[in-house]
Number of protein chains: 2
Amino acid sequence: MSKREEILSAAASLFAVKGFRDTTMGEVAALVGTAASTVFYHFKTKEEIFLSILQSVEEEIRQAVHEHRQQLNSRPAKGIDHVLAAVDFMLRLAGSRAEIFLILHHRFPYELAVVNDACRRRLEQIHDLFTLLFEDAVHLGHADGSVVAGDPRRIAMVVFALVDGLIKVKTFHLYEAAALYNEALALTRRMLQEETPPP
Amino acid sequence: MSKREEILSAAASLFAVKGFRDTTMGEVAALVGTAASTVFYHFKTKEEIFLSILQSVEEEIRQAVHEHRQQLNSRPAKGIDHVLAAVDFMLRLAGSRAEIFLILHHRFPYELAVVNDACRRRLEQIHDLFTLLFEDAVHLGHADGSVVAGDPRRIAMVVFALVDGLIKVKTFHLYEAAALYNEALALTRRMLQEETPPP
DNA sequence: AAACATATCGACTGATCAGTCAGTCAGTTT
DNA sequence: AAACTGACTGACTGATCAGTCGATATGTTT
């Protein structure tokens, strides 16, 4: 692992837990085990470090979504099952790569996005990766009649809001969130599944 | 309005938009129209200001919830309708008193709660005000058979996660959120309503 | 009018922190 | 061995900001 990657990894951990503003370059340097000035040899500014992290976050999510979609294609299923698989995928990702969602659940990235185009585009990309996953599944469900009628984009947004809210509940330790996942999946199915009348 | 209240009001606006750490006492003072040192005559520390704001936030929500519950009592309805009325209530509150949710959607209050008991208790109280509203409605729905079976606390948490997620989508301007509200209400009904079989 | 209380302010302090810079050092090239 | 290079560092700077303090002004009480 290059020094550059070491710094990014250390900064990501700290940004995830303490946020951008409350993490000093001294802390990052201490975690890497170098002088603060060394960090500035590898990166021009603190913000540049954050943007690099956001880039790898996007790439990691894109890769995970790609793998998830390929798994689905190999064994075809109803649209409603695609929706639920997408919900399960996102909840699992939030469990295995908690750092990603900790970073994204801070306010800072969205504030930076207002004044920084690159940041704004990345956040939009990340957001789209998830919502398009839901939206495509809903489209499929409309085609095979397994998902309730309604604007696919809006339905996808509501599902996204639900899952994101669940992840936030877990992040802030408001409830033993893992216990909610099965309940949430069952309720999501109820919410979206179209009963196929017996022929 | 006393100077004390003026300061709280100004600080609340700034904390809502910029957050606690990114708001300087100079900005607060400027918004009130006094010297920064005058603010420190009325409040010992910046944190004390924040805790006072959180207190009034709790009181305001408690009052709003109280009024909502009284309105419901006056004209009885099915449990499922209580749930939907609660969702509508929370979404409306997020619209009319956006500042409250902006403050609560920052990370700072939850970080302060870790080291400050008073803050932790207040956040728990606020959280309970909403979730108990949902939970009571679910209980009612179980009694009259209008809400699907399942642990009321968990169902309440899932509904809370959904609504909170929707409010966040709106806060961060990820989607024209108002357009989602009707969709969200309809989907919530689908998710929870127990079909009463024709007698 | 003297004594006291309340409210305000400008000037200051001490601490923190992102970022700079001149220079060291180990390894490579010429 | 001289010249060069990339990685690294400690000491520093300039700016920012929460909070302090002594002075002052404006009532209010005795």
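Residues numbered from 1 in each chain as written. Chains lettered and ligands numbered in written order. Predicted model: local features only at pLDDT ≥ 70, side-chain atom pairs only at ≥ 80, totals over all residues.

*Asks:* Hey, could you run me through the overall build of chain A in this one?
*Replies:* Regarding its fold elements, chain A presents 10 helices and 0 strands. Considered along the principal axes of its C-alpha atoms, chain A spans approximately 75 × 30 × 30 Å. Counting every position in chain A, which comprises 199 residues, the buried fraction comes to 35%. Restricting to contacts in chain A with at least 6 residues of sequence separation, those with at least 24 account for 71%. (Helix = DSSP H or I, 4+ residues; strand = E, 2+ residues; numbered from the N terminus. Buried ≥ 20, exposed ≤ 12 C-beta atoms within 10 Å, placed from the backbone. Contact = placed C-beta atoms within 7 Å.)

*Asks:* How do you make sense of the protein's contact with DNA strand C when you look at a structure like this?
*Replies:* In the vicinity of DNA strand C, 14 residues are found, and the nearest of them are Lys46(A), Thr34(B), Ser37(B), Thr38(B) and Tyr41(B). Listed by contribution, the elements that provide at least two residues to the surface near DNA strand C are helix H2 (25–32) and helix H3 (36–42) of chain A together with helix H3 (36–42) of chain B. In terms of residue class, the surface near DNA strand C is built from 5 nonpolar, 7 polar and 2 charged. (Near = placed C-beta within 6 Å. Nonpolar A, V, L, I, M, F, W, Y, C, P; charged D, E, K, R; others polar.)

*Asks:* Could you clarify how one ought to interpret the environment of Ile100(A) in this entry?
*Replies:* Residues and elements named next belong to chain A. Relative to the helices and strands, Ile100 is located in helix H6 (residues 98–104). Overall, Ile100 belongs to the buried group, with 21 C-beta atoms counted inside 10 Å. Taking the C-alpha atoms as reference points, Ile100 and Asp151, 51 residues apart in sequence, are found 29 Å from one another. Beyond its immediate sequence surroundings of up to four residues, Ile100 is in contact with Val57, Glu60 and Ile61.

*Asks:* So what exactly am I meant to see when it comes to the interface of chain B and chain A here?
*Replies:* Many descriptions give the size of an interface as the accessible area lost when the pieces come together. Listed by partner, the interface residues are 30 residues for chain B and 30 residues for chain A. Broken down by secondary-structure element, the contributors of at least two residues to the side of chain B that touches chain A are helix H9 (152–171) and helix H10 (178–192) of chain B. Take the side of chain B that touches chain A: its biggest share by element is 11 residues, from H9(B). Looking at the side of chain B that touches chain A residue by residue, the class counts come to 17 nonpolar, 5 polar and 8 charged.

*Asks:* Help me understand the protein's contact with DNA strand D, please; the structure alone is not making it clear to me.
*Replies:* The environment of DNA strand D is formed by 14 residues, the closest being Thr34(A), Ala35(A), Ser37(A), Thr38(A) and Lys46(B). Partitioned by chemical class, the residues of the surface near DNA strand D number 5 nonpolar, 7 polar and 2 charged.

*Asks:* When you look at the relation of the copies chain B and chain A in this model, what are you seeing that I'm missing?
*Replies:* Relating one copy of the chain to the other requires a rotation about an axis plus a shift along that axis. With an RMSD of 0.0 Å, the fit of chain B onto chain A corresponds to turning through 180 degrees and sliding 0.0 Å along the axis. Here the two chains are linked by the operation of a two-fold rotation axis. By residue overlap, the copies meet face to face through one surface: 100% of the interface positions of chain B are interface positions in chain A. (Least-squares fit on C-alpha atoms with pLDDT ≥ 70 in both.)

*Asks:* I'm lost on the nonpolar core in this one. Help?
*Replies:* Judged by nonpolar contacts, the single largest core of 114 residues is most densely connected at Ile53(A), Val83(A), Phe134(A), Val159(A), Val83(B), Phe134(B) and Val159(B). Those residues in contact with Val159(B) that sit more than four places away from it in its chain are Val83(B), Val87(B), Phe134(B) and Thr188(B). (Core = buried A, V, L, I, M, F, W, Y, C linked by C-beta atoms within 7 Å.)

*Asks:* So what exactly am I meant to see when it comes to the environment of Leu140(B) here?
*Replies:* Residue and element names in this part refer to chain B. Relative to the assigned elements, Leu140 resides in helix H8 (residues 117–143). A sequence separation of 134 residues divides Leu140 from Glu6, and the C-alpha atoms of the two residues are 42 Å apart. Those residues in contact with Leu140 that sit more than four places away from it in its chain are Gly79 and His82.

*Asks:* What is the right way to look at helix H9 (residues 152–171) of chain A in this model?
*Replies:* The α-helix advances 3.6 residues per turn, and as a result positions three or four apart in sequence lie on the same side. Residue and element names in this part refer to chain A. Taking 1.5 Å per residue as the helical rise, H9 with its 20 residues ought to reach 28 Å, and the 28 Å between its terminal C-alpha atoms agrees with that figure. Within H9, 15 of the 20 residues are buried, which leaves it mostly tucked inside the rest of the structure. Phi turns positive, to about 55 degrees, at His173, one or two residues after H9. (Expected span 1.5 Å × (residues − 1).)

*Asks:* Whenever I open this one, the packing of helix H8 (residues 117–143) of chain A against H9(A) confuses me. Can you help?
*Replies:* Describing two packed helices takes the angle between their axes plus the distance from one axis to the other. Residue and element names in this part refer to chain A. Taken N-terminus to C-terminus, the directions of H8 and H9 make an angle of 130 degrees; their axes are 8 Å apart at the nearest point. As the angle between them shows, H8 and H9 are arranged oblique. Here H8 runs over H9; the crossing is right-handed. Where H8 abuts H9, its residues Phe130, Thr131, Phe134, Glu135, Val138, His139 and His142 lie against Pro152, Arg153, Ile155, Ala156, Met157, Val159 and Phe160. Broken down by class, the residue content of the contact of H8 with H9 amounts to 9 nonpolar, 3 polar and 2 charged. (Axes fitted to C-alpha atoms, helices over the stretch in contact; angles between N-to-C directions. Parallel < 35°, antiparallel > 145°, perpendicular 65-115°, else oblique. Left-handed = near helix turned anticlockwise from the far one by under 90°.)

*Asks:* How should the packing of helix H5 (residues 79–96) of chain B against H8(B) be read in this particular structure?
*Replies:* All names here are of chain B. At a minimum axis distance of 7 Å, the contact between H5 and H8 shows a crossing angle of 165 degrees. Between H5 and H8, the crossing angle belongs to the class labelled roughly antiparallel. Note on packing geometry: the crossing formed by H5 with H8 is left-handed. The segment H5 lies against H8, with Gly79, Ile80, His82, Val83, Ala86 and Met90 engaging Phe130, Leu133, Phe134, Ala137, Val138, Leu140, Gly141, His142 and Ala143.

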